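# Close look at the chain arrangement
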Amino acid sequence: MGNRLKIVGKSEPRKDGWEKVTGRALFIDDIPLDGCWYGGVLRSDVARGRLVSIEKDPSFDWSRVTVVTSSDLPGANMVASVRDDCPILAEDKVCYVTEPIALVAAPDQDTLKEAMACLRPVIEPDGEPVIDVQDAIKADRLVWGEDNIIKSFDIRMGDLDRGFEEADLILEESYTTQHQEQVYLEPQGTFAVPGQDRRSVDITISCQCPFYVHNSVVKGLGFDPDKVVIKQSITGGAFGGKEFYPSLVALHVAVLALASGKTVKMIFDRHEDLAATSKRHPSVTCIRSGHKKDGTITAMDVDFILNGGATTTLSVVVLQRGVLHATGCYKVPNARVLGRAVATNLPPSGAYRGFGVPQSMFALERHMDLAAERLGLDPVSIREVNLLDVGDLLPCGQAMTQVAAREVMERALEISDYRKKVEDFKAHNQEQPKTLKGIGLSLFLHGGAFTGSGEDYINGVTKVVFVPGDTAEQGRVEIRISSTEMGQGAATVLPQIVAEGLGLSLAKVDFMTPDTSKISNSGPTVASRTTVVVGAILTRSVGDMIEKLVDFLTSTLGVTVTFDGKAFCGGSHCMSFLEAAHRYSQEVGELIGWGKYRSTGSHWDDDTNTGDAYPSYSWACDVVEVEVDRDTLEVVPKKLHSVVEIGTVINPILAEGQYEGGSLQALGYGWLEDMAVKGDRIDAGSLSKYLIPTTMDTPDYNLEFIEVPYQHGPYGAKGLGELPHDGGAPALAQAIGHALGVFPTEIPVTPERITAMLASKGESK
Amino acid sequence: MKIELYINRESYQIDIVPRDRLLDVLRRYRGLTGTKEGCGEGECGACAVILDGRLVNSCMVPALELHGSKVITVEGLAGETDPLQRAFVEEGAVQCGFCTPGMVMAARSLLARNPNPSREEIKEGLAGNLCRCTGYEKIIKAVSRAAQEGYGKIAASDLEDQEMVRPSGPPVLSEDEKERIFLPYDLDEACEALEKHPDIYMLAGTTDFYPDIKKGAKFPEKLMDLTHLCDLKKIEEEEGVVVIGSGVTTQRIAEDPVVGGYFPALREAADMSAAIAIKNKATIGGNLMTASPAADMPPVLLMLGASVIFRSSSGRREVPMEDFFRGYRKTAIEPGELLESVRIPIPAEGTSQAFYKRGSRKSLTIARVNVACSARLDNGVIRDMKVVAGTMAVLPTVITAVSELVEGKPVTQSLVEAVREAARDGVHPRTSEEYRKNVTGNLVARFVMELGQDL
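Sequence order sets the numbering: in each chain, residues are counted from 1 along the sequence as written. Labels are handed out in written order, letters beginning with A for the chains and numbers beginning with 1 for the ligands. Side-chain atom pairs in this predicted model are given and counted only at pLDDT of 80 or more, local residue features only at pLDDT of at least 70, and totals for whole chains, interfaces and linings cover all residues. By convention in this description, side-chain values take in all heavy atoms of the structure and omit both hydrogens and water.

- As recorded in an unreviewed UniProt entry, chain B goes by Carbon-monoxide dehydrogenase small subunit/xanthine dehydrogenase small subunit and comes from Dethiosulfovibrio salsuginis.

- Under an unreviewed UniProt entry, the name given to chain A is CO or xanthine dehydrogenase, Mo-binding subunit, and the organism recorded is Dethiosulfovibrio salsuginis.

Pasting the structure below:
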């Protein structure tokens, strides 16, 4: 392994690039379907109430359509996930606005619309809805369980009291973040084809995790697993938004297809998608910390609360990841992290890139800035004195085996010229110009792979198949696993890993769009695990194929054959992988390389939440420069300097694209994206209200990778997908603060919030 | 109804129903699914195509106006031999691919007009196309590379489609449609139809039409398409007045040298009104007739002392802008009338104008604050200052207190501060009050301060 790589480490153009840039790629709504029906969901307009009945207007001819309510469901009324508490359709109570109440399928869109308008749910309100997490914690009105606490974690290390006693300064502050919507450009969509006997169903869906959907549909319908086939369609972005939610959508179309006997398709309108699907959890984090005069942290007590909405979805694991990253890149000798996911009468929150970390990291990084300010230090030195080192413990007890925090920060300070700009901008702003300038930084880490023992439970398997042609040269290799391409580049990066191992050109290795009847379960495409975990398992598939060929050739040729990375040689024989595989498939049969997950040796105790939270961490430092118009408070991010350590970079151009794209989402989270909750509902029902950054709101990027190969990653690679979302918002908040002399503790930092901050410091204009 | 149009340079006859959009024609009738629907209301650009040489969002173009049109979609590009598409693939500008076809069309349209754009111009040209994956950097690089490779020459061929050619025959309407769908080619014909059917709903740029339908507005019974009325598309200078036809697009207003020369504030308002694909469709007449409180044109036109001309079969009627708005989404139009033009008096020599707009982000955004200002300096003192703020209330707010305050005074720091207060107190926003009052005050103060610097 290592120094003479041909394909790994190269900016290979993505394999699905041409079909996408020419418009030939068929997304879910592009797939031609003859005679399909259209499905729709009747949703609650009440956040908290009793569903008394669903009245059907008798003037409508109901024989024209199929209607399904909770009493018509064929199996258990649940969407199996982390917990099974999300109903497919509301039964006797409704818990949030947009909760599904009934389903309709119709032969065309107009009939569907007409029928939906003729259905009227009768809902008796059941008291004030619970919206605020502090209200929910009081538990005087229950949304979930006996206390509205969906899940809590309480992690402790050292002696908190003693830590605070040792402190010269004790500091307490609260930080707030709001919903964030994924805004994948392709809305949720799916279609289901019922089996002829209506005892099986075939579902094609825009999603991240085909086996999650499979599991939910199998359990929700009560079918045998082999009676349900889930095929991923080319997926137009996901960012976590197509992790849980497609299970619900798939059940809806499946139920309609089985009830009507028709192929039923459902494509969400953007309004419905914005209003109903799960978003990033809003959070309130209170941090109390003790510091020595030089900034050294003596104790930290973190109270991290996520607003989970009405059902669990993925709140348990989102919370856990947020909790386990709560002390970031810093050494905290005495720590407590209490995390609670709280149920409210809002649509269920869910997965979004970063998975709880952008929330807890925002609070932590802002708190470090606050401590610096209070101690008369600068944001760099407070971080420097507290940096984690190899051998230091995280609050969960994990001993760090690799830390790149110092390297990424030092390099980021260098390439951004941070220290000089802090002074230059300060001087510039004192001249009272029209445009104020600010600069801010954040330092952060992200664990790649499932939390704790998650990978052991998933126990991913990869399957790589040789597809023979008429001649050896026409043969090719196909990766058939459940990992999905959704824009991030798995369909290019994973083939690069396989092609490198087999000594093939990248063109010879294809990535099959998942179909659960044909693939192995390599796990879901989440948690920054696809390259680092699945990529590593794939190298074992490669090894398995090579071993099979070596054994085969050794026994058929009668000489000891070895593989040198390019060819199989023994005695006077030498043949390429394609020649060897072609021969194998003619003489033995199908050549399949199986790869099995192997633990990295980390330990985790699920009962106490202690041990190695993640097998590896990726590291980054962001430095953001902003300009703020003094008259209009318009904020524009001008430059983003980032230094990123993700082990070996498999494909630089795709990795840059991931980092830049994730960063812009993070910046948007910090100042622009405002999914305001008005009363009991989400207010931003269109993309003219929920604004995301355009080209005009985009900074110039200055991005560098530091590569420290990771021993358990494929060719040394680590995870990347979520990392860039963790740091943009706190860095931006620091930069805005620097420009205006305020201290934002709440995002998005909208002009209204800036106005309020300026007013409270006595500058109302 | 049956229309005839060119898609990717081939002629088709297509049977459409009145509510169809260009997007439906492409995807449903022609199976051209490269053009995507991301929002259905012009906010994302995934459905962008080139229509008669200009970039539009196909989700907001009614099919009934397409008779004789020429459309280029992503399928009409050369594919593997197309330098722009190649640059997208090789520069990493493609991720999930859903925004990509629309983005490619926006880039092509930009390079057709501006073969060597700066980085800033590329950003402006693509500002109406959302991408959530890339952070745009690789897209900007791809467009820049295609420009360097001379793609502008290839793209410029689309501009030939701008010439409006009347198709050989009219579109074919069913008997029933003839009573409901009106596609006039001259004004008299249009007025005649309006006289007979005063309940006709008129379609101009239609950038609000489909969003309104999506939000629950009823699809109108009777429709008249105004886009083929050449008389409404003129900009003419008369004695002391510039007349802008109601069908002139905001993009043309932003580009027109006469408008830019006399009315820089109007040019600015048009330019900032939306992203390019919207500006290529939206008309000044539509911007007025929609009578939306957030519209960008009304405050400027009020500030400029404009009037509008309504036309009916019985003749013309002039209404000053002050009397034009009659309430939320209500105007002074009478049944049987259509808005023909806007007449704007040419301001006195030496008049300074400004239009400021603040949304929540840089582009393609609804104004939260917009202010139009004008004044001139006469022997060192301010004369004839006018300030009009939009967005604050149902109707644009004329801030007379500022005009009275500054008349005849020289620009001093204390006057600027007094202006700030007066402008601040002159508006009464219903939401985000502090912020919007402050910004209004600051912007009007900025105008007066800059007026002083012109000395």
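There's more to say after this.
## Some words on the interface of chain A and chain B
- Across the contact, 71 residues belong to chain A and 67 residues belong to chain B.
- Across the chain A to chain B interface the summed buried area is about 5900 Å²; carbon plus sulfur atoms make up 57%.
- Considering only the side of chain A, the residues that lose the most area to chain B are A:W18, A:L185 and A:M696, jointly responsible for 13% of the buried surface there.
- Each salt bridge in this description consists of a side-chain nitrogen of Lys or Arg and a carboxyl oxygen of Asp or Glu lying within 4 Å of one another. For the pair chain A and chain B, the number of links is 14 salt bridges.
- A salt bridge links A:E656 to B:K138; the shortest N-O distance between them is 2.4 Å.
- Definition of a polar contact: a pair of N or O atoms within 3.5 Å, with one able to donate and the other able to accept a hydrogen when the atoms are protein atoms, and with sequence-neighbouring residues admitted only if both atoms are side-chain atoms. Connecting chain A to chain B are 35 residue pairs in polar contact (both at pLDDT 80 or more).
- Going along the chain from the N terminus, every DSSP run of H or I of four or more residues is numbered as a helix, and every run of E of two or more is numbered as a strand. Contributing elements (two or more residues each) for the side of chain A that touches chain B: helix 1 (17-21), helix 7 (270-276), strand 27 (635-645), helix 17 (652-671), strand 30 (700-706) and helix 19 (751-760) of chain A.
- Of the residues belonging to the side of chain A that touches chain B, the class tally is 27 nonpolar, 22 polar and 22 charged. In what follows, residue pairs with any heavy atoms lying within 4.5 Å of each other are defined as contacts. Here the buried area means the combined drop in accessible surface, using a 1.4 Å probe, for two parts upon being joined, counting both sides. Side-chain classes follow a simple rule in which Ala, Val, Leu, Ile, Met, Phe, Trp, Tyr, Cys and Pro form the nonpolar group, Asp, Glu, Lys and Arg form the charged group, and the remainder, Gly included, forms the polar group.

## Description of the sheet that holds strand 11 (residues 307-312) of chain B
Residue and element names in this part refer to chain B.
- One requirement defines pairing of two strands: DSSP has to find at least two bridges between them. Across the sheet, five strands lie side by side as 9-10-15-11-12; this open sheet has antiparallel pairing. Of all strands in the sheet, those with a lone pairing partner are strand 9 (235-238) and strand 12 (315-320), marking the two edges. Averaged over neighbouring strand pairs, the angle between their axes works out to 25° when direction is ignored.
- Where strand 11 meets strand 15 (residues 338-345), five bridges bridge the pair, whose relative direction is antiparallel. Considered in strand 15, the bridge of R311 is made with L338. For every element, the axis is a line fit to its C-alpha atoms; helices are fit only across the contacting stretch, and the angle between N-to-C directions ranges from 0 to 180 degrees.

## A closer look at the pairing of strand 26 (residues 616-629) of chain A
Residue and element names in this part refer to chain A.
- Partly exposed residues are those whose accessible area sits between 20% and 50% of the maximum for their type, while under 20% is buried and over 50% is exposed, using a 1.4 Å probe and protein chains only. Most of strand 26 sits inside the fold, with 13 of its 14 residues counted as buried.
- The sheet contact formed by strand 16 (residues 435-448) and strand 26 spans 14 bridges and is antiparallel. When the sheet's bridge partners are listed, G448 is paired in strand 26 with S616.
- In the sheet, strand 26 pairs with strand 27 via 10 bridges, with the strands oriented antiparallel. The residue of strand 27 that forms the bridge with V628 is V635.
- Joining the antiparallel neighbours strand 26 and strand 27 is a turn of five residues, in which L633 adopts a positive phi near 60°.

## Description of the pattern of salt bridges
- What the rule picks out here adds up to 90 salt bridges over all chains.
- Its salt-bridge partner being B:R86, residue B:E90 comes within 2.8 Å of it at the nearest N-O pair. Of this pair, B:E90 and B:R86 both sit in helix 2 (residues 83-90), separated by four residues, roughly a single helical turn.
- With a relative accessible area of 30%, B:E90 lands in the partly exposed category.
- Because the salt bridges share partners, they merge into one network encompassing A:K15, A:R476, A:E478, A:R480 and A:D510.

## Quick notes on the UniProt feature "domain: Aldehyde oxidase/xanthine dehydrogenase a/b hammerhead" (unreviewed entry) in chain A
- UniProt positions are given in the numbering used here, feature names are shortened, and annotations may be inferred rather than shown by experiment. UniProt records the feature "domain: Aldehyde oxidase/xanthine dehydrogenase a/b hammerhead" (unreviewed entry) at residues 22-127 of chain A, using the numbering of this structure.
- For residues 22-127 of chain A, the helix share is 8%, the strand share is 33%, and the end-to-end C-alpha distance is 54 Å.

## Digging into a negative patch on the surface
- Patch rule: a residue counts if its relative accessible area is over 30% and it has no salt bridge; like charges are joined within 9 Å, and nonpolar side chains (Val, Leu, Ile, Met, Phe, Trp, Tyr) within 5 Å. All accessible areas in this document rest on Shrake-Rupley with a 1.4 Å probe, and a residue is counted as covered only by the protein chains that are shown. For the purpose of charge, His is not counted, nor are the chain termini; Lys and Arg are scored as positive and Asp and Glu as negative. Each charge is placed at NZ for Lys, CZ for Arg, CG for Asp and CD for Glu. Residues B:D186, B:E189, B:E192 and B:E195 make up a contiguous surface patch of negative charge.
- Examined against the element boundaries, B:E195 turns out to sit in helix 8 (residues 187-196).

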